[in-house]
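Results of the structural survey
Spelled out from the first residue to the last, the chains are:
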Amino acid sequence: MQSDLLRYEREAWAQGHRRVCGIDEVGRGPLAGPVVAAAVILPVDFEHSKLTDSKKLAARQRESIYEELVSNGSVEWGVAFVDVQEIDRINILQATWKAMAVARASLRAPTDWTLVDGLRVPPLGECQTAIVGGDARSLSIAAASVIAKVTRDRHMMELDAQYPLYGFARHKGYGTSFHLRMLSELGPCPLHRRSFEPVA
């Protein structure tokens, strides 16, 4: 039920935490492009009949929900990118944590509690709840997953214009058979993660 998807938020609100944000990331697995995280604070009366884990939504649905979220003045959100050079320098896990922390810090004011998809994220501090499968169990995290996904997909489509032979608009940097073939034929471009095995 839709009301169940605000259970974690309500638990935090009941404990006196007014600014509760959900955080999710996209782009840990691709061979190219940045990792992107989003942080979202929803109003207490928020409802949305179709919002869920971005991976369960068609591209057109994600785009529509994204536009609804970012145009809603009651929804507070922030995004952060960590680029390929930083991913290669500090590794993808540290880069993901950094993107999450920066996304949260970009909100208008500090948060009281954080809901994060997956496992605990040390840089986010003690005031957090880690929720495995959180993007399908918390509306705040689901909203963050949609904003992060659409933001990264649009960015990869823009980068496709700079390196059109690799097909980034099609696969968004993930290791599809086409992408691997182009990588084998052309070698890596500046968008590729040198620390990832297929590229290295």
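Each remark here, short or long, concerns the structure printed above.
Scope of this entry: the structure provided in the associated data block.

Basis of the calculations
Residues numbered from 1 in each chain as written. Predicted model: local features only at pLDDT ≥ 70, side-chain atom pairs only at ≥ 80, totals over all residues. Heavy atoms only, no water. Helix = DSSP H or I, 4+ residues; strand = E, 2+ residues; numbered from the N terminus. Contact = heavy atoms within 4.5 Å. Core = buried A, V, L, I, M, F, W, Y, C linked by side-chain atoms within 4.5 Å. Buried < 20%, exposed > 50% of the residue type's maximum accessible area, 1.4 Å probe, protein only. Phe/Tyr/Trp six-rings, centres within 6.5 Å; stacked < 30°, edge-to-face > 60°. Lys NZ or Arg CZ within 6 Å of the ring centre and 35° of its normal.

Observations regarding the environment of Asp135
Summarising the element assignment, Asp135 is placed in the loop between β5 (128-131) and α5 (139-160). For the pair Asp135 and Ser54, spaced 81 residues apart in sequence, the C-alpha to C-alpha distance is 7.6 Å. Discounting residues that sit within four places of it in the chain, Asp135 has contacts with Asp24, Thr52, Asp53, Lys55, Asp117, Ile141, Ala142 and Ser145.

Some thoughts on the nonpolar core
Core analysis: the biggest nonpolar cluster contains 30 residues, and Leu51 and Val146 have the highest contact counts within it. Going through the elements one at a time, α1 (7-14), β1 (20-26), β2 (35-41), α2 (59-70), β4 (113-117) and α5 are the ones with two or more residues in this core. Residue contributions to this core peak at 9 residues, all from α5. In this structure, Val35, Ala80, Val82 and Ala103 belong to the second largest nonpolar core, which totals 23 residues.

Describing the packing of aromatic side chains
Summed over the entire model, instances satisfying the criterion amount to 1 aromatic pair. Measuring from ring centre to ring centre gives 5.6 Å for Tyr166 and Phe168, while their planes differ by 15°; the resulting arrangement is stacked. In this structure Tyr166 comes out as buried when scored by relative accessible area, which is 7%. On the basis of relative accessibility, which here comes to 0%, the residue Phe168 falls in the buried class. Directly above the ring of Tyr8 sits Arg7, whose terminal nitrogen or CZ lies 4.3 Å from the centroid.

Some details on the environment of Pro110
With respect to the helices and strands, Pro110 occurs in the loop between α4 (92-105) and β4. The sequence separation of Pro110 and Ser49 amounts to 61 residues, and the corresponding C-alpha distance is 29 Å.

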